[in-house]
Amino acid sequence: VTPGSALLPTSAGGVYLYPGEFEAIVHGLGSAASALSPDPRNSLVSPPVIARSVIERAGYAKSFPHLLGTVLTRSPGGTADEPDIVLLPAACYCVYALYEGARLEAPAELSVGATCFRHEATTEQGRLRSFRMREFVLLGTEEHCRPWRDTRLAAVRDWLASLGLETDRAVASDPFFGSENRLLKALQAEEQLKIELLTEVGDGHVQAVASGNYHKDQFGRVFGISDGSGAVAHTACVALGYERLALALLHRHGPDLRSWPGHVRKTLGLEEALG
Ligand code: AMP
Ligand code: ZN
């Protein structure tokens, strides 16, 4: 097997191996994305598991039970047991839990990276079950969060355009909580709580490569976070999916990284990475 630059399928659908050249793109995206992020000291990496209680309280287990990956362990006697952790479905959940009970004197902006798991039902191009995400998260007031989400997402969109990726901005219909309820879903779409940047990641396959989410005070309420005035904090996050971005770049510029436009190679540090 010559790894090349494309994802390598495994016997588990939606689970891929990453050849060195693919990783060079992901690594380059990661370094370049830190330019979009706040103070590097406010940056975190999460392990791929999280307390089940956090995911349950945040509403994910209820809204997306079919996507959540749970862990099964066995007691020394062999009895099956579901421990206190689940597979992390999105990077930002650990941040709301980290701020549990906090009172924010000023808005807090963090960046968090993680390998995420979602038990996706299909495995078309760009739909993985295990994938990596970087998220920027803001905790503050209503006045801070929505404009911040829009500004950050616009910056991501400009950044992607500079890498040759034109994206469509679309209001998403599957927001982060209460998706079972059709009325609530329609309302959330109307309120534009989730906005995605869509682009082609393969022939005829358009996927969201980034999303911007405004959660109102949902997580502030659940985790008891308050703003400077003592009111319940609002939160927002902007997420980048590294595999989809790398696939989109490969689709746009071709499988031979050495023939990519000079400025893209430079921004992603590919010269150094590939020699
Ligand atoms: P979401 O929380 O659904 O908005 O996801 C955030 C970002 O993660 C998306 O914009 C994608 O770039 C990426 N992502 C989500 N689901 C998948 C998946 N199944 N496979 C690959 N990337 C994904
Ligand atoms: Zn998020």
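Since the model is a prediction, treat every value here as computed from it, not as a measurement.

**Student:** It is not clear to me how the overall build of the protein should be interpreted in this structure. Could you clarify?
**Tutor:** A count of helical and extended segments in the protein gives 10 helices and 13 strands. Relative to a compact globule of 275 residues, whose C-alpha radius of gyration would be 19 Å, the protein shows 19 Å and is just as compact. Relative to all contacts within the protein whose residues are 6 or more apart in sequence, the contacts with residues 24 or more apart total 67%. Of the accessible surface of the protein, which amounts to about 12800 Å², a share of 54% is contributed by carbon and sulfur atoms.

**Student:** I would appreciate a short explanation of the environment of Gly-202 in the present structure.
**Tutor:** Relative to the elements of secondary structure, Gly-202 occurs in strand β11 (residues 194–202). Once the C-alpha coordinates of Gly-202 and Arg-41 are considered, the two residues, 161 residues apart in sequence, prove to be 36 Å apart. Once residues within four sequence positions are removed from consideration, Gly-202 is found in contact with Gln-125 and His-251.

**Student:** Would you explain the pattern of salt bridges in this entry?
**Tutor:** Should their charged atoms come close, side chains of opposite charge can pair. Evaluated as defined, the whole model comprises 16 salt bridges. Glu-56 is paired through a salt bridge with Arg-52; the nearest N and O atoms lie 3.8 Å apart. Of the two residues, Glu-56 and Arg-52 are both situated in helix α2 (residues 52–57); the distance of 4 residues between them amounts to about one turn of the helix. In this structure Glu-56 comes out as partly exposed when scored by relative accessible area, which is 44%.

**Student:** Looking at this model, I keep getting lost on helix α8 (residues 242–253). Mind explaining?
**Tutor:** Within an α-helix, residues lying three or four positions from one another point in the same direction, as the helix has 3.6 residues per turn. With 12 residues, α8 should reach 16 Å at 1.5 Å per residue; the first-to-last C-alpha distance of 16 Å fits that figure. Phi turns positive, to about 95°, at Gly-254, one or two residues after α8.

**Student:** Please explain the sheet that holds β11 as it appears in this structure.
**Tutor:** Strand pairing in a sheet relies on backbone hydrogen bonds, with the paired strands running either antiparallel or parallel. Sheet architecture is open: 7 strands sit in the order β3-β8-β9-β13-β12-β11-β10, paired in mixed fashion. Looking at the sheet topology across the chains shown, the edges are occupied by β3 (43–45) and β10 (168–171). Taken over all neighbouring pairs, the strand axes of this sheet differ in orientation by 25° on average, direction set aside. Two elements, strand β12 (residues 205–214) and strand β13 (residues 234–241), share 5 bridges in a ladder whose sense is antiparallel. Directly across from Asn-213, in β13, lies its bridge partner Cys-237. Against the sheet, helix α5 (residues 142–162) contacts β8 (108–117), β9 (130–140), β10, β11, β12 and β13, and its axis sits at roughly 15° relative to β13. Running at roughly 45° to β11, α8 makes contact with β9, β11, β12 and β13 of the sheet.

The rules we used
Residues numbered from 1 in each chain as written. Chains lettered and ligands numbered in written order. Predicted model: local features only at pLDDT ≥ 70, side-chain atom pairs only at ≥ 80, totals over all residues. Heavy atoms only, no water. Helix = DSSP H or I, 4+ residues; strand = E, 2+ residues; numbered from the N terminus. Rg over C-alpha atoms; globule rule 2.2 N^0.38 Å. Contact = heavy atoms within 4.5 Å. Areas by Shrake-Rupley, 256 points an atom, 1.4 Å probe, with all protein chains shown as cover. Salt bridge = Lys/Arg side-chain N within 4 Å of Asp/Glu carboxyl O. Buried < 20%, exposed > 50% of the residue type's maximum accessible area, 1.4 Å probe, protein only. Expected span 1.5 Å × (residues − 1). Pairing = 2+ DSSP bridges. Axes fitted to C-alpha atoms, helices over the stretch in contact; angles between N-to-C directions.

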